[in-house]
Amino acid sequence: DTGVSQNPRHKITKRGQNVTFRCDPISEHNRLYWYRQTLGQGPEFLTYFQNEAQLEKSRLLSDRFSAERPKGSFSTLEIQRTEQGDSAMYLCASSLPSGSSYEQYFGPGTRLTVT
Amino acid sequence: AQSVTQLGSHVSVSEGALVLLRCNYSSSVPPYLFWYVQYPNQGLQLLLKYTTGATLVKGINGFEAEFKKSETSFHLTKPSAHMSDAAEYFCAVSDPFSSNTGKLIFGQGTTLQVKP
């Protein structure tokens, strides 16, 4: 059991640059979630995939953010034209289909710092 | 809309003392309830969950929580704190009836400090 992995673990970028993060869920999990966590706060939901379909997006996900999950396996989260307010920990989680109480397994996160 | 309130952003206990971390939720129907723990620079690890059935649930590392519908609470307890319990704890809910996504709504977290 390799768990949920995320890459990179840390990313420092200059304002205005684009960044992309990757999440590899647990292999049999068809549900995948992205959350954002700022310092001293709990994670906030960004978006949800069931297999390759993106079924829900939070209002937090501005048009500078885009997420994909091609072939229903790994997922990427891209932020275009980064702003200092984007600095946060980006967490990915995966879970089994409904009927499993939606128990989510989290990756270690990608910490983004925008300078 | 659902929300989660964790009373006390910081809790400090002595090693061996009782740990009590408070969580209240607002929801029109009983949701699924979770407690997660986060160590510095790491992701979240599930401690325990309540879905249906017995209202007292036991989790890992000696933690347990009791779902009290009348009080809309899901407080986390541990009889005897260890130094290794020092971490950030998050209460979370999901509503299996209004949303099929299973997305979690988190509280703001409680930092547990354990003093020797």
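Summary of the structure given here. This structure is a prediction, so every number in the text was calculated from the model and none was measured. (Residues numbered from 1 in each chain as written. Chains lettered and ligands numbered in written order. Predicted model: local features only at pLDDT ≥ 70, side-chain atom pairs only at ≥ 80, totals over all residues. Heavy atoms only, no water.)

1. Details of the interface of chain A and chain B
(1) Moving on: Taken together, the contacts link 23 residues of chain A with 23 residues of chain B.
(2) Moving on: At the surface where chain A touches chain B, the tally comes to two salt bridges.
(3) Moving on: The closest approach of N and O atoms between A:Glu56 and B:Lys103, which form a salt bridge, is 2.5 Å.
(4) Moving on: Taken together, chain A and chain B are joined by nine residue pairs in polar contact (both at pLDDT 80 or more).
(5) Moving on: Across the side of chain A that touches chain B, the residue classes tally to nine nonpolar, nine polar and five charged. (Contact = heavy atoms within 4.5 Å. Salt bridge = Lys/Arg side-chain N within 4 Å of Asp/Glu carboxyl O. Polar contact = N/O pair within 3.5 Å; in protein donor to acceptor, adjacent residues only side chain to side chain. Nonpolar A, V, L, I, M, F, W, Y, C, P; charged D, E, K, R; others polar.)

2. Some words on unusual backbone geometry
(1) Moving on: Cis rather than trans, the peptide bond between A:Asn7 and A:Pro8 has omega equal to -10 degrees.
(2) Moving on: Positionally, A:Pro8 belongs in the loop between strand E1 (5–7) and strand E2 (10–13).
(3) Moving on: Phi is positive for A:Arg81, close to 50 degrees, though the residue is something other than glycine.
(4) Moving on: Along the chain, A:Arg81 falls in the loop between strand E8 (75–79) and strand E9 (88–95).
(5) Moving on: For B:Thr72, which is not a glycine, the phi torsion comes out positive at approximately 45 degrees. (Helix = DSSP H or I, 4+ residues; strand = E, 2+ residues; numbered from the N terminus.)

3. Here's the deal with the layout of surface pockets
(1) Moving on: Computed from the structure, the largest pocket encloses a volume of approximately 350 Å³.
(2) Moving on: Considering the residues around the largest pocket, the lining is formed by 20 residues, among which A:Gln37, A:Leu39, A:Gly40, B:Gln38 and B:Glu88 are closest to the centre.
(3) Moving on: Per-element accounting of the lining of the largest pocket gives the leading share, three residues, to strand E10 (residues 87–94) of chain B.
(4) Moving on: Residues belonging to the lining of the largest pocket are distributed by class as follows: six nonpolar, 12 polar and two charged.
(5) Moving on: Here the second largest pocket is characterised by a volume of approximately 170 Å³.
(6) Moving on: Lining the second largest pocket are A:Pro43, A:Glu44, A:Phe45, A:Leu60, B:Gln2, B:Leu104, B:Ile105 and B:Phe106.
(7) Moving on: Of all the secondary structure elements, the ones that give two or more residues to the lining of the second largest pocket are strand E5 (44–50) of chain A together with strand E11 (105–106) of chain B.
(8) Moving on: Tallied by class, the residues present in the lining of the second largest pocket amount to six nonpolar, one polar and one charged. (1 Å grid on protein atoms, 1.4 Å probe; cavity = no way out; pocket = protein on both sides within 12 Å on 5 of 7 lines; lining within 4 Å. Points joined across faces, edges and corners; volume = space filled by probe spheres on them.)

4. A look at the sheet that holds strand E3 (residues 19–24) of chain A
Paired through their backbone hydrogen bonds, the strands of a sheet run either parallel or antiparallel.
Residue and element names in this part refer to chain A.
(1) Moving on: Taken in spatial order, the four strands line up as E1-E3-E8-E7 in an open sheet, and their pairing is antiparallel. Unpaired on one side and paired on the other, E1 and strand E7 (65–68) mark the two borders of the sheet. Neighbouring strand axes in the sheet, compared pairwise and without regard to direction, differ in orientation by 15 degrees on average.
(2) Moving on: Inspection of the sheet shows E1 paired to E3 by three bridges, in the antiparallel sense. Bridge assignment links Asn-7 to a residue of E3, and that residue is Arg-22. (Pairing = 2+ DSSP bridges. Axes fitted to C-alpha atoms, helices over the stretch in contact; angles between N-to-C directions.)

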